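Spelled out, the chains give:
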Amino acid sequence: MDHSLDILLIKVPEIDFEEKKISYTESLSLDVPPIPLGIASLSAYLKKMTAHRVHLLDLFAEGFEVYKEKQERKIFLDLIEDHISAIRPDVIGISALMIINHKWVHHVAMFAKQLNPNSKVIVGGGYASILPDRILEDSNVDFIVTGEGEEALLKIIDANFARGKLAAVDGIGFRADSGEKIVNRKTDFIKDIDSLPFYDWEGIKLENYIKHHKNRFVSYITSRGCPFGCSFCTSHLLWGKNFRPMSAKRVLDEIDYLVRKYKVERIEFRDDNLTLNKERIL
């Protein structure tokens, strides 16, 4: 990639798209907007590895206070149009944690392509990892990323979106010229996650989340992967079954940073299996 791109990473709201009764997931979110660790990690990695301009939009957090008061989904539709129109990104990465988010994903993709048909739309997160073929039925979506996204997203961008160079790349999917859906499940995970940079706390405007808590609260993930296969859990589709923890020192260094810069008082560890290694957690 010879020129610098504008990359917009969007986390869609974890609520239903239609104006309906508030769902259980939404009721959990209405007290405080959850911190978007997924796009915060992707952003930090892209900023470390490239010179591209990375912009972040957490739709729910951005419209949180107005939505809590008015309960109107149109707030988020307006935010989508305002941000994409203002930035006019070359690449739009859409992160959707759950399948309930699917209509938001396709609305963002549709608007992005209407504004700029040459923009590249990439979808990742739980939705892409669980239902990749369904997403690729949408002609507005150019690529999907299955499983952890840092390396796959970078490879798509570095290949200048050339499908011929990406056919065998781990953890991505796209439609071939023939119309065939090519989906490469994630099998090659980052082994040393200490090598990942700190989350992009500045990029997500961390203070916008902390201010909603009595205690200065931050959620944080220190490991990836779980060796078990619980029937109710899709963790292995995202992170694999090999437990890959950050070292205790790496975790403490980032916590020290959060305490010094943001005066954080409370940490919620959101690992899939935080206590798998007792010696490490102690």
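What you are looking at is a predicted structure, and each value in this text was computed from that prediction instead of being measured.

1. Topic: the packing of helix α2 (residues 37-49) against helix α9 (residues 150-158)
(1) Moving on: Where α2 contacts α9, the two axes come as close as 10 Å, and the packing angle between them is 50 degrees. It follows from the interaxial angle that α2 and α9 lie oblique. In the packing of α2 onto α9, the handedness of the crossing is right-handed. Counted together, S41, L42, Y45, L46 and M49 of α2 and E150, E151, L153, L154 and I157 of α9 form the full contact between these two elements.

2. With respect to empty space enclosed by the protein
(1) Moving on: What the rule picks out here adds up to 1 cavity of 30 Å³ or more.
(2) Moving on: Approximately 50 Å³ is the volume attributed to the largest cavity.
(3) Moving on: Around the largest cavity, the lining residues are S41, L196, P197, F198, Y199, R224, M246, R250 and E254.
(4) Moving on: Grouping the constituent residues of the lining of the largest cavity by class yields 5 nonpolar, 1 polar and 3 charged.

3. Comments concerning the pattern of salt bridges
(1) Moving on: On inspection of all chains with the given rule, the structure shows 18 salt bridges.
(2) Moving on: The partner of R224 in a salt bridge is E150, with the nearest N and O atoms 2.8 Å apart. Highlighted residues: R224 in strand β9 (residues 223-224) and E150 in helix α9, separated in sequence by 74 residues. E150 carries the same exposure label as R224, and that label is buried.

4. Some points on the packing of aromatic side chains
Think of a pair of aromatic rings as described by two things: how far the centres are apart, and how the planes are tilted against each other in angle.
(1) Moving on: By the definition in use, this model includes 14 aromatic pairs.
(2) Moving on: Geometrically, the ring pair formed by F60 and Y67 is edge-to-face, given 6.1 Å between the ring centres and 65 degrees between the ring planes. In this pair, the class of F60 matches that of Y67, namely buried.
(3) Moving on: The side chain of R163 reaches across the aromatic face of F143, ending 5.2 Å from its centre.

What counts, and at which threshold
- Residues numbered from 1 in each chain as written.
- Predicted model: local features only at pLDDT ≥ 70, side-chain atom pairs only at ≥ 80, totals over all residues.
- Heavy atoms only, no water.
- Axes fitted to C-alpha atoms, helices over the stretch in contact; angles between N-to-C directions.
- Helix = DSSP H or I, 4+ residues; strand = E, 2+ residues; numbered from the N terminus.
- Parallel < 35°, antiparallel > 145°, perpendicular 65-115°, else oblique.
- Left-handed = near helix turned anticlockwise from the far one by under 90°.
- Contact = heavy atoms within 4.5 Å.
- 1 Å grid on protein atoms, 1.4 Å probe; cavity = no way out; pocket = protein on both sides within 12 Å on 5 of 7 lines; lining within 4 Å.
- Points joined across faces, edges and corners; volume = space filled by probe spheres on them.
- Nonpolar A, V, L, I, M, F, W, Y, C, P; charged D, E, K, R; others polar.
- Salt bridge = Lys/Arg side-chain N within 4 Å of Asp/Glu carboxyl O.
- Buried < 20%, exposed > 50% of the residue type's maximum accessible area, 1.4 Å probe, protein only.
- Phe/Tyr/Trp six-rings, centres within 6.5 Å; stacked < 30°, edge-to-face > 60°.
- Lys NZ or Arg CZ within 6 Å of the ring centre and 35° of its normal.

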